[in-house]
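# Survey of secondary and tertiary structure
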Amino acid sequence: MSSDRQRLQKRKRQKRKRRIAFLILLPIVFLTFTAAGYGAFLYKKAETIFTGSYMDDGRKKSALRDAEVHPLNDNISILFIGIDESDVRTKEDKARSDALMLATLNVKDKSIKLLSIPRDSYAYIPKVGYKTKINHAHAYGGPKATIDTVEELLDIPVDYYVRMNFYAFMDVVDALGGIKFNVPYKLSEKDSNDRHNAIKLEPGVQELNGEEALAVARTRHYDSDIERGKRQQQLLEAVIKKATSFNSITKYDEILEAVGSNMTTNMTFSEMKSLINYGKSGSMEFESLTLQGEDDKMGNGAYIYRLDEEDLEVIKRKLSRHLEVD
């Protein structure tokens, strides 16, 4: 095989991964409008569910904006907040965030930049007035405190947020009737109610239900955070593959229920509908970004991820240019 052909195939694989990442980040949009193709009832239900997920964060616009924006006409940013909460853990605004990702969307060229923010990044939190792990911000003040912290860190406006907990992932897997996945090793893990060793799995390809898939996604005991991230990407890819299969069309009703009941956002249904234009463009471009840094410890010995200041400045300028803000 020629080197040119290998490069082409590599670019196709990378493009596919980026497309999957976007579907993962915005499942509500694509599932809603794909589902709407087989019935007005489902569209109306989606509108009801997502309208019910709306939560006003008290802001008409970001403090870093001169005027309000709308995704149909303006470049915007969306902060995705993943919460690892359960019935036995602290609920909602008191929970720490387990995953943070900022998406900037350029309306002219339909391009998207996705920035993963490590959960242990050492950052200044305006809500409390000092630096600590960035995932503490949500426990201090919910989405608003998290948004303020990310704006302080990156010096760009955060226009919208979408907060989802791990129950959404678990319930979607169950709504799909399970997913097929290659479990990398034998594991014994907590379930969603934090009962120790409740989930036991052998290595190999098998059907996983929601609890089992969540255990594989959450475990930290058998490898590293990097491998954990890879597992989560593979699991989400399996979910998307199953969800977009023809046999799953009739299950979209349950999927919408699973997502909507575990999500809050300051995006209206009208604003969500505008995002479908990115998927319909046919030439959507992605760039995945990460924040470079190194492992370190605070004075009390707690682990932190200390960000590289030079790299952070590069990322800030890149996102600012993409949003076309000063």
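Nothing here was measured: the structure is a model prediction, and the numbers come from that model. (Residues numbered from 1 in each chain as written. Predicted model: local features only at pLDDT ≥ 70, side-chain atom pairs only at ≥ 80, totals over all residues. Heavy atoms only, no water.)

## With respect to the overall build of the protein
Keep this limit in mind: By the criteria applied, helices consist of DSSP H or I runs no shorter than four residues and strands consist of E runs no shorter than two, each listed in order from the N terminus. Throughout, exposure labels follow a simple rule: accessible area from a 1.4 Å probe, protein chains only, divided by the maximum for the residue type, with under 20% read as buried, over 50% as exposed, and the rest as partly exposed. The criterion used for residue contact is that any of the two residues' heavy atoms lie within 4.5 Å. The Shrake-Rupley method, run with a 1.4 Å probe, gives the accessible areas here. Residue values count only the displayed protein chains as cover.
Helix and strand content of the protein: 11 helices and 14 strands. Relative to its 326 residues, the protein shows a buried fraction of 48%. Partitioning the contacts of the protein with sequence separation of at least 6, the portion at a separation of at least 24 is 67%. With the model as given, the accessible surface of the protein reaches about 16,400 Å², and the carbon-plus-sulfur share is 49%.

## A short note on the environment of P126
Along the chain, the position of P126 falls in the loop between β4 (122–125) and β5 (130–133). For P126, a relative accessible area of 33% puts it in the partly exposed group. The spacing of P126 and E152 is 26 residues in sequence and 7.7 Å in space, taken between C-alpha atoms. Non-local contacts of P126, meaning those with residues more than four positions away in its chain, are made with D148, T149 and E152.

## Quick notes on helix α4 (residues 136–154)
In an α-helix, one full turn covers 3.6 residues, which means residues spaced three or four apart are oriented alike. Filter applied, for reference: A helix is expected to span 1.5 Å multiplied by its residue count minus one. Here the bend at a residue means the angle between the axes of two seven-residue stretches, the one that ends at it and the one that starts at it.
In a regular helix each residue adds 1.5 Å, so 19 residues correspond to 27 Å; α4 covers only 17 Å between its end C-alpha atoms and thus falls short of that length. In the structure, α4 departs most strongly from a straight axis at G142, where the bend amounts to approximately 130° and where the proline P143 lies between one and four residues downstream. Count one or two residues on from α4 and you reach D155, which has phi positive near 60°.

## Things to note about the sheet that holds strand β3 (residues 111–117)
We apply this condition: For two strands to count as paired, DSSP must find a minimum of two bridges between them. Orientation is described by lines fitted to C-alpha atoms, with helices fitted over the stretch in contact, and by angles between N-to-C directions that extend from 0 to 180 degrees.
The strand order across the open sheet built from 6 strands is β11-β6-β1-β2-β3-β12, with neighbouring strands paired in mixed fashion. Two strands close off the open sheet at either side, each with one partner strand: β11 (263–265) and β12 (285–290). Neighbour to neighbour, the strand axes of the sheet diverge by 15° on average, direction disregarded. Sheet topology note: the strand β1 (residues 76–83)/strand β6 (residues 160–165) ladder contains 6 bridges and is parallel. From the neighbouring strand, I81 faces β6, where its bridge partner is R163.

## Digging into the nonpolar core
We apply this condition: Working definition of a nonpolar core: buried Ala, Val, Leu, Ile, Met, Phe, Trp, Tyr and Cys residues. They are joined through side-chain atoms within 4.5 Å.
One finds F50, I78, L105, F169, I179, L208 and L235 to be the most contacted residues of the largest nonpolar core, which totals 53 residues. Look past the residues within four positions of F169 in its chain and what remains in contact with it is A213, L214, A217, L235, L236 and V239. In terms of nonpolar packing, the next biggest core, distinct from the first, is built from 25 residues, L102, L115, I156 and Y305 among them.

## Points about unusual backbone geometry
For N197, which is not a glycine, the phi torsion comes out positive at approximately 60°. Residue position: N197 is located in the loop between β8 (187–189) and β9 (199–201). Residue N197 is classed as partly exposed on the basis of its relative accessible area of 45%. A positive phi is found at E324, a non-glycine position, where the angle reads about 60°. Position of E324 among the secondary structure elements: in the segment after α11 (309–323).

## Digging into the packing of aromatic side chains
Operational definition: Side-chain rings of Phe, Tyr and Trp, where Trp is taken by its six-membered ring, are said to pair if the distance between their centres is within 6.5 Å; with planes under 30 degrees apart they count as stacked, over 60 as edge-to-face, and otherwise as tilted.
Applying the stated criterion to the full structure yields 2 aromatic pairs. Here the aromatic rings of Y130 and Y140 are separated by 6.5 Å at their centres, their planes lie at 75°, and the arrangement is edge-to-face. Of the two residues, Y130 is situated in strand β5 and Y140 in helix α4; the sequence distance between them amounts to 10 residues.

## Structural notes on the pattern of salt bridges
The criterion, for reference: Any Lys or Arg side-chain nitrogen located within 4 Å of an Asp or Glu carboxyl oxygen qualifies as a salt bridge.
Using the criterion set out here, one finds 13 salt bridges in the structure. The partner of D120 in a salt bridge is K133, and the shortest N-O contact between them spans 3.7 Å. Remark: K133 occurs in strand β5 and D120 occurs in the loop between β3 and β4; sequence separation between them is 13 residues. E287 is the partner of K318 in a salt bridge, and the nearest nitrogen-oxygen pair spans 3.1 Å. Highlighted residues: K318 in helix α11 and E287 in strand β12, separated in sequence by 31 residues. According to the relative accessible area criterion, E287 is partly exposed, its value standing at 26%. One salt-bridge network, in which partners are shared between bridges, spans D57, R59 and E151.

## Details of the packing of helix α5 (residues 166–175) against helix α8 (residues 252–260)
Note the threshold: Small angles under 35 degrees read as roughly parallel and large ones over 145 as roughly antiparallel, with 65 to 115 read as roughly perpendicular and the rest as oblique. Side-chain classes are defined by residue name, with Ala, Val, Leu, Ile, Met, Phe, Trp, Tyr, Cys and Pro counting as nonpolar, Asp, Glu, Lys and Arg as charged, and the others, Gly among them, as polar.
The geometry of α5 relative to α8 is characterised by a closest axis approach of 8 Å and an angle of 170° between their N-to-C directions. As the angle between them shows, α5 and α8 are arranged roughly antiparallel. For the pair α5 and α8, contact is made by A168, D171, V172 and A175 and by E254, I255, A258 and V259, respectively. A per-class count over the contact of α5 with α8 returns 6 nonpolar, no polar and 2 charged.

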